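Fold and geometry: a report
Here is what each chain is made of, one letter per residue.
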Amino acid sequence: MPTAQQRAAEEVVAAVRKAFGRESALVLGAGGSLAAVEMVVPTGLPVLDRWVLPGGLPVGRMVELFGGEGAGKSSLVASALAATQKMGGIAIVADTEYSLSPERVALFGVDLDSLVLLQPGHLSELFAQAQAAITAAHAITKGKRPILFAWDSIAMTPSAHEVEEGLGGTAVPGERARAMSLNCPILARVAAETNTCLLFVNQIRMKIGVMYGNPETTPGGHAVKHFSSVRLQIRRGKAIKEGKADHIGMYVSVTSLKNKHVPPFRKCRAELVYATGWANAWSVLDHAKDRAVVPPATKLDALSLGKAIQALGWDDGPTPLDPAALLAQEYVPSATAVLEDEGEEE
């Protein structure tokens, strides 16, 4: 039997619906909220998905991924696009850097024949194309499969004024930030209504004249920071070298600076080998050591990895981790492989 408070809430909802329509209000406990996250898209990094994120990138929300040059941003986007396709969803990428390599994204498992590529000329075109593409994709999926819209990147997308001015022209201060403030609220609702994950890639800039505190900032103003449900910062760490010259990979760290789904400020480390992609066995074992569920001196092998997965509780559920599959992706260094500190890790 409903309580007095529940009856009052239902009366308020009924009054609002009568004035503004059925979709204008609801009782949150009854379900149906646009804010509810019912689906996630894996990133391809098990530790990132299970520790830093709520199982993956939240569908229906906006996610900002930012970091320095060569930190692995595009590689992480590529693996998320591939995961979306494997789930039967539609993957859309807006490449305003004009640097998307078909061979590189195919390395992470992306099906090039079903990847939608947008190449807008400026910000206004991007937002118009994004809304049109997401709406068309939703008409196909009917909300039953995820849509991933990745934008690479905010920092490299010029405004219409900058395009008109051309090389050597003058820029209007704050124009990109105003455009983001105007369009992010619209895209946020579109994403919620269409089961779309908006993955916005951004770069890092340095504030001029900052003597104390962190001088790093991201282009596009504060709108993306406010509308993002998750903000991920990715940094490159130590390099993996074969011998003394061949730079074959690197370790990266991903930190959640904002998270509305699980506790923020969680961090994970991952191994990226340029020729083969993400190698997750090392990452899982490293995380198990951080959580103190395996001894610090544990070596990477099938038995130890299986124990680590079991200790973390990742051997159960709808998507259990398979040690053999993880080890098959792992880079096996030769006797000459060494690690070199690039000076940016933590």
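This text goes with the structure placed above it.
All values reported here derive from a predicted model rather than from experimental measurement. (Residues numbered from 1 in each chain as written. Predicted model: local features only at pLDDT ≥ 70, side-chain atom pairs only at ≥ 80, totals over all residues. Heavy atoms only, no water.)

Turning to the pattern of salt bridges, a few remarks are in order. Scanning the entire structure with this criterion turns up five salt bridges. Here E64 and R231 are joined by a salt bridge, their closest N and O atoms 2.7 Å apart. You can see E64 sitting in strand β3 (residues 62-67) and its partner R231 sitting in strand β10 (residues 230-242), a full 167 residues away along the chain. With a relative accessible area of 1%, E64 lands in the buried category. By relative accessible area, which is 11% here, R231 ends up buried. One salt bridge connects E193 with R189, and the closest N-O pair in it is separated by 2.9 Å. (Salt bridge = Lys/Arg side-chain N within 4 Å of Asp/Glu carboxyl O. Helix = DSSP H or I, 4+ residues; strand = E, 2+ residues; numbered from the N terminus. Buried < 20%, exposed > 50% of the residue type's maximum accessible area, 1.4 Å probe, protein only.)

Bringing helix α9 (residues 280-290) into the picture now. Residues that lie three or four places apart on an α-helix share one face, since the helix turns once every 3.6 residues. Of all eleven residues in α9, eight are buried; the element is thus mostly enclosed. Listed in full, the buried residues belonging to α9 are N280, A281, S283, V284, L285, D286, H287 and A288. Considering only its buried residues, α9 is in contact with α2 (46-52), β12 (267-273), β13 (277-279), α10 (302-312) and α11 (323-329). Note on α9: the residue one or two positions beyond its end, A292, has a positive phi of about 60°. (Contact = heavy atoms within 4.5 Å.)

Turning our eyes to something else, we now look at the side chain of S228. Here S228 lies in the loop between α8 (223-227) and β10. Within the local environment of S228, its side chain forms a polar contact with the backbone oxygen of V224, the two atoms lying 2.6 Å apart. (Polar contact = N/O pair within 3.5 Å; in protein donor to acceptor, adjacent residues only side chain to side chain.)

Turning our attention to α10. If you check which residues of α10 are buried, you get S304, L305, A308, I309 and L312. For α10, the arc enclosing every buried residue in end-on projection is 135°, short of the 170-degree limit, so these residues lie on one face. Turned more than 90 degrees off the buried face of α10, the exposed positions are L303, K307 and Q310. Buried residues along α10 sit against α9 and α11. (Arc of directions from axis to C-beta.)

Moving on, we get to the packing of aromatic side chains. We describe a pair of aromatic rings using the distance from one ring centre to the other and the angle between the two ring planes. Taken as a whole, this structure holds three aromatic pairs when the rule is applied. Pairing F127 with W151 gives two aromatic rings, centres 5.7 Å apart and planes at 85°, and the pair type is edge-to-face. On the criterion of sequence distance, the pair formed by F127 in helix α5 (residues 123-141) and W151 in strand β6 (residues 147-152) is long-range, its members being 24 residues apart. Just as F127 is buried, W151 falls in that class too. Relative to F200, the ring of W151 has its centre 5.1 Å away and its plane inclined at 80°; by these criteria the two rings are edge-to-face. Of the two residues, W151 is situated in strand β6 and F200 in strand β7 (residues 196-203); the sequence distance between them amounts to 49 residues. No difference in accessibility class separates W151 from F200, as the two residues are buried. Chaining the aromatic ring pairs together yields one cluster made of F127, W151 and F200. A cation sits over an aromatic face here: R266 above W51, 3.9 Å from the ring centre. (Phe/Tyr/Trp six-rings, centres within 6.5 Å; stacked < 30°, edge-to-face > 60°. Lys NZ or Arg CZ within 6 Å of the ring centre and 35° of its normal.)

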